[in-house]
Amino acid sequence: MAQLERITGPRIPAQGVDSVIARMRALAAHLPPKDGVAVFNRVYLTVTETVDRAIDDGRFRDRAAAVTLDVRFAERYLTAVDAAACGLRPPACWGPLLQFRRHPGVRPLQFALAGINAHIGHDLALAVVDTCRTLGCEPDALEDEFDRVGDLLVSLEERIREELMPGPDLLQIADPLTHLLGSWSLERARDGAWAAARALWVLRELPSLAAEFAHRLDTSVGLVGRMLLTPLPDVSYLPEITGIVD
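In what follows, the accompanying structure is described. Small disclaimer: the values here were computed from a predicted structure and weren't measured. Just so you know, the residues in each chain are numbered from 1, in the order the chain's sequence is written. It should be noted that, the model being predicted, local features are given only for residues of pLDDT at least 70 and side-chain atom pairs only at 80 or more, the latter also being counted only at that level, while totals for whole chains, interfaces and linings use all residues. To get the side-chain values, take all heavy atoms of the structure and skip hydrogens and water.

Here a helix means four or more residues in a row that DSSP labels H or I, a strand means two or more in a row labelled E, and each is numbered from the N terminus. As for its placement among the helices and strands, Arg101 is situated in the loop between α5 (95-100) and α6 (108-135). Residues are treated as being in contact if the distance between any of their heavy atoms lies within 4.5 Å. In this view, Arg101 contacts Leu31, Lys34, Asp35, Gly36, Val37 and Phe111; residues no more than four positions away in its chain are not counted.

Structure, rendered in structure tokens:
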């Protein structure tokens, strides 16, 4: 049972969304703006505030489930950042962002999407299980809340790319960043998170298998994050390349 607790997190009542928003704002005030964690934190703070407004506006069928899922989800990220700050080893999915957070060859959009990859690809699945344990329900009971949160994330992804992608559209065609990030999809990551959550729930009575599944999920998502954070060369040569395109 203790092994499964490490996968799903402690069984404590979910706090309000305001509490995690306050923690993210405090983190934003503490970190240098160009720090990779700070870049992701700004994105995630915007997402969490958007979800909070949607909950207040009654856009979720089950308010308690939506709040619990949102808080459990955010706690996974905040716990990883706290662990790193204390010199502890964070989950493998967060390792690349925490390792490369100050690398001069990594661009802000890479930091943002590496964080989203870790949080959606790994944390979301475990947060669903956390929420089911807290509320005493099956994953299917959370599908509506899961889908609505996912829809908000997808709607924000394009805006994130537009705000953080450097240079005019013409240069993006030849920019290696365009090709690197074009291989990752938030929608596919969200679908994978739902499948992983359902699998972990089925395996909850088999702690050793659940732990192995969670470990492999963590390491595979970390590998994707490491590729998203590949340092990129200076693109000052691009005007010459675009001349060929013309």
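A few words on the packing of helix α3 (residues 36-56) against α6. Axes here mean lines fitted to C-alpha atoms, for a helix over just the part in contact, with angles spanning 0 to 180 degrees between N-to-C directions. Relative to each other, α3 and α6 sit at 65 degrees, their axes nearing to 8 Å. Taken as axis vectors, α3 and α6 run roughly perpendicular relative to one another. Here α3 and α6 pass one another in a crossing that is right-handed. Touching Gly36, Val39, Phe40, Val43 and Tyr44 of α3 are Pro108, Phe111, Ala112, Gly115, Ile116 and His119, all from α6. Throughout this description, any angle smaller than 35 degrees is read as roughly parallel, any larger than 145 degrees as roughly antiparallel, any in the 65 to 115 degree range as roughly perpendicular, and the remainder as oblique. What makes a crossing left-handed is the near helix being turned counterclockwise from the far one by less than a right angle; a clockwise turn instead makes it right-handed.

Once that is clear, we can look at the nonpolar core. Formed by 74 residues in total, the largest nonpolar core has its most connected members in Met24, Tyr44, Phe60, Tyr77, Trp94, Ile116 and Val128. Elements with a contribution of two residues or more to this core: α2 (17-30), α3, α4 (63-85), α5, α6, α7 (143-164), α10 (186-202) and α11 (207-228). In terms of residue count, the dominant contributor to this core is α6 (15 residues). Ignoring sequence-local partners within four residues, the contact set of Met24 consists of Asn41, Tyr44, Leu45, Thr48, Ala74, Tyr77 and Leu78. Throughout this description, the term nonpolar core refers to a set of buried Ala, Val, Leu, Ile, Met, Phe, Trp, Tyr and Cys residues connected via side-chain atoms within 4.5 Å. For each residue, the accessible area found with a 1.4 Å probe, counting protein chains only, is set against the maximum for its type, and the residue is called buried under 20%, exposed over 50%, and partly exposed in between.

As for its placement among the helices and strands, Asp218 is situated in helix α11. What makes Asp218 buried here is its relative accessible area of 12%. Separated by 125 residues in the primary sequence, Asp218 and Cys93 place their C-alpha atoms 5.3 Å from one another. Sequence-distant contacts of Asp218, defined by excluding residues within four places in its chain, comprise Pro91, Ala92, Cys93 and His122.

A few words now on the packing of aromatic side chains. Classification of ring pairs rests on two measures: the distance between centres of Phe, Tyr or Trp rings, Trp counted by its six-membered ring, which must be within 6.5 Å, and the angle between planes, read as stacked under 30 degrees, edge-to-face over 60 and tilted in between. Applying the stated criterion across every chain, the model contains seven aromatic pairs. Ring geometry for Tyr44 and Tyr77: centres 5.6 Å apart, planes at 80 degrees, overall edge-to-face. In this pair, Tyr44 is assigned in helix α3 and Tyr77 in helix α4, connecting sequence segments 33 residues apart. Residue Tyr44 shares its accessibility class with Tyr77, and that shared class is buried. Relative to Trp194, the ring of Phe146 has its centre 4.8 Å away and its plane inclined at 50 degrees; by these criteria the two rings are tilted. In this pair, Phe146 is assigned in helix α7 and Trp194 in helix α10, connecting sequence segments 48 residues apart. Each of the two residues, Phe146 as well as Trp194, counts as buried. Taken together, the ring pairs connect Phe40, Tyr44, Phe73, Tyr77 and Trp94 into an aromatic cluster.

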